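Structural characterization, general
Residue strings, one per chain:
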Number of protein chains: 2
Amino acid sequence: MPRTAKPSPRRPAAKPRRPAARRAPAEKPYHHGDLRRVLVDAAFDLVGEAGAGAVSVREAARRAGVSPGAPFRHFQSRDALLAAVAEEAQRRFRAEIDKALAKAPADDPLKRFRCLGRAYLDWAMRNPTHFEVISSRRLFDHGKSAAVTRDNNEVVGLTESLLKDAHARGQLGPSDLKQVLIGARALVYGFARMAIDGHFPRWGVAEGEVDRMADAVLDLFISGIARRPGHTSA
Amino acid sequence: MPRTAKPSPRRPAAKPRRPAARRAPAEKPYHHGDLRRVLVDAAFDLVGEAGAGAVSVREAARRAGVSPGAPFRHFQSRDALLAAVAEEAQRRFRAEIDKALAKAPADDPLKRFRCLGRAYLDWAMRNPTHFEVISSRRLFDHGKSAAVTRDNNEVVGLTESLLKDAHARGQLGPSDLKQVLIGARALVYGFARMAIDGHFPRWGVAEGEVDRMADAVLDLFISGIARRPGHTSA
DNA sequence: CAAGCCGTGTAATCGGTGCTTACATTCACA
DNA sequence: TGTGAATGTAAGCACCGATTACACGGCTTG
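Anyway, here's the lowdown on the structure attached to this text. Everything numeric in this text was worked out from a predicted model, so none of it was measured.

Cut-offs used in this document
- Residues numbered from 1 in each chain as written.
- Chains lettered and ligands numbered in written order.
- Predicted model: local features only at pLDDT ≥ 70, side-chain atom pairs only at ≥ 80, totals over all residues.
- Heavy atoms only, no water.
- Helix = DSSP H or I, 4+ residues; strand = E, 2+ residues; numbered from the N terminus.
- Buried < 20%, exposed > 50% of the residue type's maximum accessible area, 1.4 Å probe, protein only.
- Contact = heavy atoms within 4.5 Å.
- Areas by Shrake-Rupley, 256 points an atom, 1.4 Å probe, with all protein chains shown as cover.
- Buried area = accessible area lost by both parts, 1.4 Å probe.
- Polar contact = N/O pair within 3.5 Å; in protein donor to acceptor, adjacent residues only side chain to side chain.
- Nonpolar A, V, L, I, M, F, W, Y, C, P; charged D, E, K, R; others polar.
- Phe/Tyr/Trp six-rings, centres within 6.5 Å; stacked < 30°, edge-to-face > 60°.
- Lys NZ or Arg CZ within 6 Å of the ring centre and 35° of its normal.
- Salt bridge = Lys/Arg side-chain N within 4 Å of Asp/Glu carboxyl O.
- Least-squares fit on C-alpha atoms with pLDDT ≥ 70 in both.
- Core = buried A, V, L, I, M, F, W, Y, C linked by side-chain atoms within 4.5 Å.
- Expected span 1.5 Å × (residues − 1).

1. As for the overall build of chain A
Helix and strand counts for chain A come out as 8 helices and 0 strands. Starting at the N terminus and walking to the C terminus, you meet the elements of chain A as α-α-α-α-α-α-α-α. In chain A, buried positions account for 50% of the 234 residues. The contacts in chain A between residues at least 6 apart in sequence include a share of 68% that link residues at least 24 apart. When the accessible surface of chain A is totalled, it reaches about 11600 Å², and 52% of it is carbon and sulfur.

2. Considering the interface of chain B and chain A
Many descriptions give the size of an interface as the accessible area lost when the pieces come together. Each side of the interface is counted separately: chain B has 48 residues, and chain A has 49 residues. Of the roughly 4300 Å² buried between chain B and chain A, counting both surfaces, carbon and sulfur atoms make up 63%. On the chain B side of the interface with chain A, the three residues burying the most area are Arg202, Trp203 and Leu220 of chain B, jointly 17% of the side's total. The interface formed by chain B and chain A contains 14 residue pairs in polar contact (both at pLDDT 80 or more). Only helix H5 (128–135), helix H6 (146–168), helix H7 (177–196) and helix H8 (210–225) of chain B provide two or more residues apiece to the side of chain B that touches chain A. It is H7 of chain B that provides the largest number of residues to the side of chain B that touches chain A, a total of 16 residues. Class assignment for the residues of the side of chain B that touches chain A results in 22 nonpolar, 15 polar and 11 charged.

3. Let's talk about the packing of aromatic side chains
Summed over all chains, the structure comprises 10 aromatic pairs over all chains. Taken together, a centroid distance of 5.5 Å and an interplanar angle of 85° make the contact between Tyr120 of chain A and Phe131 of chain A edge-to-face. On the criterion of sequence distance, the pair formed by Tyr120 of chain A in helix H4 (residues 109–126) and Phe131 of chain A in helix H5 (residues 128–135) is long-range, its members being 11 residues apart. Judged by relative accessible area, which is 10%, Tyr120 of chain A ranks as buried. An aromatic cluster is defined as three or more aromatic residues linked by ring pairs; in this entry it consists of Phe93, Tyr120, Trp123, Phe131 and Tyr189 of chain A. The cationic tip of Arg185 of chain B hangs over the ring face of Tyr189 of chain B; the distance from NZ or CZ to the ring centre is 4.6 Å.

4. Let's talk about the pattern of salt bridges
Summed over all chains, the structure comprises 48 salt bridges over all chains. Close ionic contact of Asp215 of chain A with Arg118 of chain A constitutes a salt bridge, the shortest N to O distance being 3.0 Å. Placement of Asp215 of chain A in helix H8 (residues 210–225) and of Arg118 of chain A in helix H4 is noted, with a sequence separation of 97 residues between them. Here Arg118 of chain A falls in the buried class, since its relative accessible area comes to 12%. Because the salt bridges share partners, they merge into one network encompassing Glu132, Arg138, Arg193 and Asp197 of chain A together with Glu132, Arg138, Arg193 and Asp197 of chain B.

5. A look at the relation of the copies chain B and chain A
Applying a rotation about an axis and a shift along it to one chain copy brings it onto the other copy. With an axial shift of 0.0 Å and an RMSD of 0.1 Å, the rotation relating chain B to chain A amounts to 180°. Taken together, the turn and the small shift mark the pair as related by a two-fold rotation axis. Across chain B, the rotation axis passes nearest the C-alpha of Gly190 of chain B, at a separation of 1.7 Å. Comparing interface residues between copies, 100% of those in chain B also lie at the interface in chain A; the contact surface is shared.

6. Some words on the environment of Ala42 of chain A
Residues and elements named next belong to chain A. Note that Ala42 resides in helix H1 (residues 35–50). According to the relative accessible area criterion, Ala42 is buried, its value standing at 7%. Sequence separation of Ala42 and Val55 is 13 residues, and the distance between their C-alpha atoms is 8.9 Å.

7. Points about unusual backbone geometry
With a phi close to 80°, Arg138 of chain A is a non-glycine residue in the positive phi region. Here Arg138 of chain A is to be found in the loop between H5 and helix H6 (146–168).

8. Considering H5 of chain B
With 7 of 8 residues buried, H5 of chain B is to be regarded as a mostly interior element. Buried residues along H5 of chain B sit against helix H1 (35–50), helix H3 (78–103), helix H4 (109–126), H6 and H7 of chain B.

9. Looking at the nonpolar core
With 138 residues, the main nonpolar core has Tyr120 and Phe191 of chain A together with Tyr120 and Phe191 of chain B as its most contacted residues. Those residues within four positions of Phe191 of chain B in sequence are excluded, and the remaining contacts are Ile182 and Ala186 of chain A together with Leu121, Met125, Phe200, Val210, Met213, Ala214 and Val217 of chain B.

10. Here we look at H6 of chain A
Residues and elements named next belong to chain A. When the terminal C-alpha atoms of H6 are compared, their 32 Å separation across 23 residues agrees well with the 33 Å that a helix rising 1.5 Å per residue should span. Inspection of H6 places Val148, Asp151, Asn152, Val155, Val156, Thr159, Leu162, Leu163 and Ala166 among the buried residues, and these make up the whole buried set. For H6, the secondary structure elements touched by its buried residues are helix H3 (78–103), H4, H5 and helix H7 (177–196). Remark: Gly170 follows H6 within two positions and exhibits a positive phi of approximately 75°.

Next comes the structure, spelled out in structure tokens:
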């Protein structure tokens, strides 16, 4: 695949490329300072600019100002490079989740639960291509990255424990917790993907409405699982 | 991309390219019978075998027994070929939806609504790669195919009208219909994508449980929007 | 029936891609 | 200070999408 056949912006060079180990930056040291890092950054940017499909080893090498074979010293394959990008994306995603939860009321699990969902949607809609990388396999094999897997499992555990806390406090109705967990996750993941995959226009949701709709749908779901007058909580 | 680097079966050639003009299809007529159809079928199979990424014009040509340039007489680009595959997939998807609705009780909109969701999930999980083709843009531009767009809009309209009917019959609670529509769609789409993208294992849902979980989640959502004792329906 | 247009196939070619191998350079450590 | 390991370059393979010039032959038309 011509990989969307970019005109290949190709930086005008001008890369000091680091203070050089000892003296005189000397134009172009044979060894790149931290090629691995630069390659991941370049690939990360490529994902942001045109999606995972736009990532090519050669383009990353071009942006790093290095020969086409060089990246293979650091990444066994294109997929490995993409996996590194996924790890970076997953790290940032996780950080935003944590930040949002830090701002949420510490003593209301159900509100924290909702806040988690909202933060998830916010990040996904603001970083659609990176979200896709960390979400859909086929773009890269999640099993290949222990870091992504671990981070993911932590988010799962976090979600689960918030739900359990809410249940313990009597905030939830009689529904099965696991079903609620999966339902919530499906709802949020589906909403994010609808946005990313461009489904909203044909479902009658205009660009500017998406944010409010996100809130409304979260509220709808939560009101559906919350304890209601007239029901016991178990 | 080596596009999964197939060993490239490559027919044993033997193309005398005989006159064979008049009768007896004999060996190999210069003109293929219906190359376009055969190419779409081949590409359709490729999607089923290894996903949309595995579709290459050359492989489709190989399977059709024609030269690599031949497909371009029928499809302007690889994307156009993929769009044709998407149309075929969308057609089959739509057919299954209609079939399922034909079996559903005609006088219970809410049950028909649930049945539609279940049929959606069934088809998606049985045809993950084709579902992905008709769902995520980036694989092909939905705007390029009027047929896919039309079919999609019909499904949207169908869903919407079922919901309206349910509301008119007092089967629903006081929630905003549009929010219910989007919530339902997000839930179902998200569930399907979780299955396709391999999320269920890390969310604690084993292979064999997915089907029951699908039912449970549908019920959970519907019970959340259905009219409940103690509430008026509007 | 013959002529020839034109749709549809082939062959050759171009540039882009992932990836490998052989070689060159430099760093870091003994 | 010398040397091996790490890391870059150069060249090249196979595959891909896409384009072009040319070959075939079914079809209409005179």
